[in-house]
Amino acid sequence: MIPFALAIHGGAGTITKEIDPAPYLAVLHDSLDAGYAVLSSGGSALDAVSAAVLILEDSPLYNAGRGAVYNHETRHELDAAVMDGANRKAGAVGGATKIRNPVLAARAVMEHSPHVLLTGDGANHFAAEHGLKMVENAWFNTDHRLKQLQQAQQKNRIQLDFSDDDAVETGTVGAVALDANGNLAAATSTGGLTNKAAGRVGDTPIIGAGTYAENGICAISATGTGDEIIRIVMAHDIANRIKYLGEDIETATDYSLQQLKSLNGDGGLIAVTHDGTIHMPFISRGM
Ligand code: ASP
């Protein structure tokens with residue numbers, strides 16, 4: 001049996017105020033436990049990353065699912081993706097407004113449709129038809145996110161969750177895993193950027209940008225300024241540097257994060273390689 005491996009993230013950025021980290025850490029621990037339970041009982045990497053992200057989506061503390069940030073129109077549009085490195089099947093939703101757990105909808109798109117990415121009302125309808133929990137958009141409302149939107153609008157900024165010095169919240173979520181059968185998988189979920197335009201879709205549900213997994217190479221979940229991450233096709237670029245140039249994960253991710261920086265982007269990623277090496281680099285002030 002080869003070893004299994006699991007890594008999770010709660011988004012790029014910095015917690016600058018005096019806050020009690022305990023509730024944030026508790027949710028991260030629950031998420032790791034959920035993924036670990038799957039992997040340690042011989043379950044798949046795909047099930048592990050789904051289980052880990054599900055816990056983070058249900059917490060109001062992270063910018064995914066329940067705690068999603070607001071867009072410019074004071075609404076929530078959620079993005080999520082999953083990818084199975086074993087067969088390179090992938091599923092994603094973009095701009096979902098009524099799906100309680102976008103990661104489950106992404107998984108349903110992968111397993112029950114011929115498509116990779118469904119957006120907006122189409123994604124909502126698909127999730128409802130497949131029996132997922134649906135909620136009104138206001139279910140994602142939280143006071144702390146509203147305050148962040150108001151601050152961002154006052155400063156006329158579109159902002160990465162923690163990029164404001166006053167921000168105290170954590171961000172986008174993701175998980176990567178290697179299971180005991182050598183299969184890799186990745187999942188990422190987000191509310192996107194505070195004050196983003198209505199209809200804007202970020203890197204998270206774009207396969208190869210914010211989320212990617214390929215057996216024998218690596219699985220990656222990214223966080224950060226998604227528009228720049230899309231422009232450098234970050235996750236797939238890292239996998240290809242390993243695949244075609246023979247780079248190790250440190251060298252490949254360093255290169256990609258420098259590319260991100262060169263476009264004035266910000267962020268980081270978690271990666272697990274085919275041999276279970278975990279690497280979690282970032283260029284944001286924290287992650
Ligand atoms: N990458 C996400 C986006 O641009 C945001 C984040 O990672 O916090 O939608």
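The structure displayed is predicted, hence computed values, not measured ones.

## Quick notes on the sheet that holds strand 8 (residues 218-224)
Working step 1: Overall, antiparallel pairing links the 4 strands, which are arranged 7-8-9-10 in an open sheet. Either end of the sheet is taken by a strand with one partner, and the two such strands are strand 7 (211-214) and strand 10 (278-279).
Working step 2: Note: strand 9 (residues 267-273) against strand 10, 2 bridges, orientation antiparallel. Looking at strand 10, one finds that Val272 is bridged to Ile278.
Working step 3: Where helix 8 (residues 249-262) meets the sheet, it contacts strand 9 and strand 10, and its direction lies at approximately 160 degrees from that of strand 9.

## Points about the packing of helix 2 (residues 45-57) against helix 3 (residues 102-112)
Working step 1: Helix 3 packs onto helix 2 with a crossing angle of 150 degrees between their chain directions and a minimal axis gap of 8 Å. With respect to helix 3, the element helix 2 is oriented roughly antiparallel. Of the residues in helix 3, those in contact with Leu46, Asp47, Ser50, Val53, Leu54 and Glu57 of helix 2 are Pro102, Val103, Leu104, Arg107, Met110 and Glu111.
Working step 2: By residue class, the composition of the contact of helix 2 with helix 3 is 7 nonpolar, 1 polar and 4 charged.

## Describing the packing of aromatic side chains
Working step 1: Throughout the structure, instances matching the rule amount to 3 aromatic pairs.
Working step 2: Judged by centre distance (5.5 Å) and plane angle (65 degrees), the rings of Phe4 and Tyr36 are edge-to-face. Of this pair, Phe4 sits in the segment before strand 1 (5-9) while Tyr36 is found in helix 1 (residues 22-40), placing the two residues 32 residues apart along the sequence.
Working step 3: Exposure remark for Phe4: the relative accessible area of 25% places this residue in the partly exposed category.
Working step 4: You can call Tyr36 partly exposed: its relative accessible area is 49%.
Working step 5: Ring geometry for Tyr24 and Tyr62: centres 6.2 Å apart, planes at 80 degrees, overall edge-to-face. Taken together, the residues Tyr24 in helix 1 and Tyr62 in the loop between helix 2 and strand 2 (78-84) connect sequence positions 38 residues apart.

## Things to note about the pattern of salt bridges
Working step 1: Evaluated as defined, the whole model comprises 8 salt bridges.
Working step 2: One salt bridge connects Arg88 with Glu214, and the closest N-O pair in it is separated by 3.6 Å. Of this pair, Arg88 sits in the loop between strand 2 and strand 3 (89-96) while Glu214 sits in strand 7, and the two are 126 residues apart along the sequence.
Working step 3: Relative accessible area serves as the criterion here: at 44%, Arg88 is assigned to the partly exposed category.
Working step 4: A residue is classified by how much of its surface remains accessible, and Glu214, at 6% relative accessible area, is buried.

## Brief notes about the site of the ligand
Working step 1: The immediate surroundings of the ligand are formed by Leu160, Thr172, Thr190, Gly192, Leu193, Arg200, Gly202, Asp203, Thr223, Gly224 and Gly226.
Working step 2: Between a nitrogen atom of the ligand and a side-chain N or O atom of Asp203, the distance comes to 2.6 Å.
Working step 3: The separation between an oxygen atom of the ligand and a polar side-chain atom of Thr223 is 2.7 Å.
Working step 4: Contact with the protein chains removes 100% of the 270 Å² of surface that the ligand exposes when unbound.

What counts and how
Residues numbered from 1 in each chain as written. Predicted model: local features only at pLDDT ≥ 70, side-chain atom pairs only at ≥ 80, totals over all residues. Heavy atoms only, no water. Pairing = 2+ DSSP bridges. Helix = DSSP H or I, 4+ residues; strand = E, 2+ residues; numbered from the N terminus. Contact = heavy atoms within 4.5 Å. Axes fitted to C-alpha atoms, helices over the stretch in contact; angles between N-to-C directions. Parallel < 35°, antiparallel > 145°, perpendicular 65-115°, else oblique. Nonpolar A, V, L, I, M, F, W, Y, C, P; charged D, E, K, R; others polar. Phe/Tyr/Trp six-rings, centres within 6.5 Å; stacked < 30°, edge-to-face > 60°. Buried < 20%, exposed > 50% of the residue type's maximum accessible area, 1.4 Å probe, protein only. Salt bridge = Lys/Arg side-chain N within 4 Å of Asp/Glu carboxyl O. Near = heavy atom within 4 Å. Polar contact = N/O pair within 3.5 Å; in protein donor to acceptor, adjacent residues only side chain to side chain. Areas by Shrake-Rupley, 256 points an atom, 1.4 Å probe, with all protein chains shown as cover.

Just distances and angles here, no functional claims.
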